[in-house]
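# A look at the structure
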Amino acid sequence: MLILLPPSEGKSPAVKGSAVDLGGLQFPELTAARQTVLGSLAIASTGPDAHRILGVGPSLGAEVLRNITLLDQPAAPAYQVYSGVLYDALGYSTLTPVQRRKAQESVVVVSALWGALGFADAIPAYRLSMSVSLPGTGTLASFWKQRLAGPLDHRSGDSLIVDCRSSTYGAAWAGVPERTVAVNVLLERDGKRSVVSHSAKHTRGLLARHLITRRSSRPTTPDQLLKAAREQWQAELTPATSRKPAQLSIILQG
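All of the points below concern the structure found in this document. (Residues numbered from 1 in each chain as written. Predicted model: local features only at pLDDT ≥ 70, side-chain atom pairs only at ≥ 80, totals over all residues. Heavy atoms only, no water.)

Mapped onto the elements of the fold, Phe143 is located in helix α7 (residues 140–156). When its relative accessible area of 6% is taken as the criterion, Phe143 is described as buried. Spatially, the C-alpha atom of Phe143 lies 8.9 Å from that of Ala33, the residues being 110 residues apart in sequence. Other than its neighbours up to four places away in sequence, Phe143 contacts Ala33, Thr36, Val37 and Thr137. (Helix = DSSP H or I, 4+ residues; strand = E, 2+ residues; numbered from the N terminus. Buried < 20%, exposed > 50% of the residue type's maximum accessible area, 1.4 Å probe, protein only. Contact = heavy atoms within 4.5 Å.)

Take the pattern of salt bridges next. Taken as a whole and assessed by the stated rule, the structure comprises 8 salt bridges. Between Asp49 and Arg52 there is a salt bridge, with the nearest N and O atoms lying 2.9 Å from each other. By relative accessible area, which is 31% here, Asp49 ends up partly exposed. Given a relative accessible area of 61%, Arg52 falls into the exposed group. (Salt bridge = Lys/Arg side-chain N within 4 Å of Asp/Glu carboxyl O.)

Turning next to the packing of aromatic side chains. For the structure on display, the rule yields 8 aromatic pairs. When the ring of Tyr79 is compared with that of Tyr92, the centres are 3.7 Å apart and the planes differ by 20 degrees; the resulting orientation is stacked. With Tyr79 in helix α4 (residues 78–81) and Tyr92 in the loop between α5 (85–90) and α6 (97–106), this pair connects stretches of sequence that are 13 residues apart. A centroid spacing of 5.8 Å and a plane angle of 65 degrees characterise the contact between Tyr79 and Phe119, whose relative ring orientation is edge-to-face. With a gap of 40 residues between them, Tyr79 in helix α4 and Phe119 in the loop between β4 (115–118) and β5 (122–123) connect regions that are remote in the sequence. An aromatic cluster of at least three residues, connected via ring pairs, comprises Tyr79, Tyr82, Tyr87, Tyr92, Trp114, Phe119 and Tyr126. Directly above the ring of Tyr126 sits Lys11, whose terminal nitrogen or CZ lies 4.4 Å from the centroid. One cation-aromatic arrangement involves Arg147 over Phe143; the distance from NZ or CZ to the ring centre is 3.7 Å. (Phe/Tyr/Trp six-rings, centres within 6.5 Å; stacked < 30°, edge-to-face > 60°. Lys NZ or Arg CZ within 6 Å of the ring centre and 35° of its normal.)

Let us look at the side chain of Arg127. Along the chain, Arg127 falls in the loop between β5 and β6 (133–134). Within the structure, the side chain of Arg127 is placed 2.9 Å from the side chain of Glu63, a separation counted as a polar contact. If we skip the residues at most four places from it in the chain, Arg127 touches Glu9, Gly10, Leu41, Leu54, Val56, Leu60, Glu63 and Asn67. (Polar contact = N/O pair within 3.5 Å; in protein donor to acceptor, adjacent residues only side chain to side chain.)

Direction vectors running N to C along α6 and helix α9 (residues 198–213) enclose 115 degrees, while the axes themselves pass 9 Å from each other. Seen along the crossing, α6 lies across α9 with a hand that is right-handed. Packed against α6, whose contacting residues are Gln99, Lys102 and Ala103, the element α9 presents Leu211, Ile212 and Thr213 at the interface. Its residues placed into classes, the contact of α6 with α9 shows 3 nonpolar, 2 polar and 1 charged. (Axes fitted to C-alpha atoms, helices over the stretch in contact; angles between N-to-C directions. Left-handed = near helix turned anticlockwise from the far one by under 90°. Nonpolar A, V, L, I, M, F, W, Y, C, P; charged D, E, K, R; others polar.)

Next up on the list: unusual backbone geometry. We note that Phe27 has phi near 60 degrees; this positive angle belongs to a residue other than glycine. Tracing the chain through its elements places Phe27 in the loop between β1 (2–5) and α1 (31–46). Judged by its relative accessible area of 8%, Phe27 falls in the buried class. Residues other than glycine seldom take positive phi values, yet Asp190 does so here, at roughly 55 degrees. Inspection of the secondary structure puts Asp190 in the loop between β9 (180–189) and β10 (192–195). Look at Asp190 and you get exposed, because its relative accessible area is 76%.

What follows deals with the side chain of Arg179. When you line up the elements, Arg179 lands in the loop between α8 (167–170) and β9. Asp158 provides the closest opposite charge to the buried, unpaired Arg179, separated from it by 4.7 Å. Polar side-chain contacts of Arg179 include one of 2.8 Å to the backbone oxygen of Gly157. Setting aside its immediate chain neighbours within four residues, Arg179 contacts Ser156, Gly157, Asp158, Ser159, Leu160 and Ile161. (Lys, Arg positive; Asp, Glu negative; His and termini not counted.)

Below, the structure written as structure tokens:
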């Protein structure tokens, strides 16, 4: 089983520690591409229009400045650096040692800066979204789409892919439709269903945690994933087509 997560917008910077070791990250074949994006990000972050390019407000000035010296910043495991609703719900710090190993084996984070990361890869905090277009790289979703297919196709193998990413990050790599399940979260109120954002992140984090902590065998098919989800939620499955992965819809009651 491969669980794909997006990064969080907010990051928790490491207070101390060694700098990132680019060659020591998972998917070392992405090292050159990571260096390209790091360089483009540093240049963009020094310019007068840095906030416009990165799509952030003046209040995030310190985070933009940090982008300039990322290779000198202290690094920490991705599961510590990424914070926010989804990662709080997953609750890595409260997992048992066995469950933590399972999380590190199962989770890959698709990132605008790093392309793809293992859950325990040590990285500095940064500010960059997959929707950004950097000088020299263009839109990052398109940049990584050309480079992630080989590494992530190999990493996923014949495993079931549980895709908890947003569409922005999903554009960077799509798994084989018949082995991929995209996770959606809907709110049902008075018989009507609507898409939710905040609750979707929270619920995807809870689903990832449930898949990591449950004692039963890991799901290997979309139907088995549906059964696992129904242990906690009302859920429905739309089968895959030749071009589109299956859709797991978790229904929350409003």
